[in-house]
Amino acid sequence: MSEIDLINKNNFTFNKKYGQNFIFDKNLLEAIIKDSGITKDDEVLEIGAGAGTLTKIIAQNAKSVVSYEIDKNLEPVLKENLRECGNSAVVFSDALKLPIADIEKHFTGDYKIVANLPYYITTPLIMKFVKQTNRVKSLSVMVQKEVGERLTAKNTDAQYGSISVILDFYGDVKILRQVSRKMFVPVPNVDSCVVQISINKKKYDCNAEIFESVVKSAFSNKRKTLVNNISKDFNLSKDVIFAILKELNISCDIRGDALSTKDFVEITKKLTK
Ligand code: SAH
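Note that this is a predicted model, so its numbers are computed, not measured.

How should the layout of surface pockets be read in this particular structure?
In this structure, the largest pocket occupies an estimated 700 Å³ of space. Taken together, 40 residues form the lining of the largest pocket, with Tyr18, Gly19, Gln20, Asn21 and Pro118 sitting closest to its centre. Going through the elements one at a time, strand S1 (22-23), strand S2 (43-47), helix H3 (53-61) and strand S3 (64-69) are the ones with two or more residues in the lining of the largest pocket. Across the lining of the largest pocket, the residue classes tally to 24 nonpolar, 11 polar and 5 charged. Lining the second largest pocket are Met1, Glu3, Leu6, Lys56, Gln60, Glu80, Asn81, Arg83, Glu84 and Cys85. Put simply, the parts of the chain that give the lining of the second largest pocket at least two residues each are helix H1 (3-9), H3 and helix H4 (75-81). Among the residues making up the lining of the second largest pocket, the classes are represented as 3 nonpolar, 2 polar and 5 charged.

Looking at this structure, I do not really get the domain arrangement of the protein chain. What am I missing?
Per the domain assignment, the segments of the protein chain are domain 1 (3-199) and domain 2 (208-272). A straight line from the C-alpha centre of domain 1 to that of domain 2 covers 35 Å. For the pair domain 1 and domain 2, the summed buried area comes to about 1,000 Å², and 61% of that belongs to carbon and sulfur atoms. One can count 1 salt bridge joining domain 1 with domain 2. Lys131 serves as the salt-bridge partner of Glu212, at 3.0 Å between the closest nitrogen and oxygen. Counting across the domain 1 and domain 2 interface gives 6 residue pairs in polar contact (both at pLDDT 80 or more). The greatest single-element share of the side of domain 1 that touches domain 2, amounting to 6 residues, is contributed by helix H8 (residues 162-170). Looking at the side of domain 1 that touches domain 2 residue by residue, the class counts come to 5 nonpolar, 3 polar and 2 charged.

The rules we used
Residues numbered from 1 in each chain as written. Predicted model: local features only at pLDDT ≥ 70, side-chain atom pairs only at ≥ 80, totals over all residues. Heavy atoms only, no water. 1 Å grid on protein atoms, 1.4 Å probe; cavity = no way out; pocket = protein on both sides within 12 Å on 5 of 7 lines; lining within 4 Å. Points joined across faces, edges and corners; volume = space filled by probe spheres on them. Helix = DSSP H or I, 4+ residues; strand = E, 2+ residues; numbered from the N terminus. Nonpolar A, V, L, I, M, F, W, Y, C, P; charged D, E, K, R; others polar. Domains from an automatic or database assignment. Buried area = accessible area lost by both parts, 1.4 Å probe. Salt bridge = Lys/Arg side-chain N within 4 Å of Asp/Glu carboxyl O. Polar contact = N/O pair within 3.5 Å; in protein donor to acceptor, adjacent residues only side chain to side chain.

Printed below as a string of structure tokens:
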């Protein structure tokens, strides 16, 4: 029986609230696994099992996969579809709300994330697994096309924002492939892409918390200069920040969206002193 027949047989109806847009195309699923670089040595976490179509292909290519699914209505479908995947397990729980320690109990070592994410919680899910743990090696995740562009933007791009800088701080981010909306069931009204974040927390050497507050401040009011935003949010005199920018050879009327991650790191280091 095909996987589509399987969900029909179980009278499953798609729930918009949970961001349910499934992928049944085997070629696409296999291409995603190939791009993700997972091997038989990898323990994998999936968020959003759906009908288990991706789960199954992860299981065939990885050491093991644990998949979280919020919708208990999918239980009979998943049970049947993953019957022969002994190295897979599905947990019916909210992957965003659950403490990360509970999720990580399922893994013996570091692990990789591969998922066609529920789009209504893309950013908080990504940030949770990038920031709250040091055990994630990489995330290869399907996101809305425009979100993917924002996550991977550089300081010359229109989509550049605080999230682009913060992700670049924690690792290397790239778009692996574009995916047309036509590949999903039901067809959503947005296109998608697969983004990969390879975690590398040693990339830059400054205080992460201060770095994040500097970046968030710099983008908080995009029409204001960096100096105006930072002096207000950090309660510092403008002269102090002018001096820092001068030492770094950065123009004193620069705006946050013109600075690179490296610039933000250098500014953070000077502010930390
Ligand atoms: N991986 C499947 C399904 C993707 S749709 C496929 O590619 O076909 C996203 C899935 O995430 C849905 O099955 C939805 O029910 C599930 N989901 C939504 N919110 C969730 C959450 N907070 N925790 C775990 N799963 C969630």
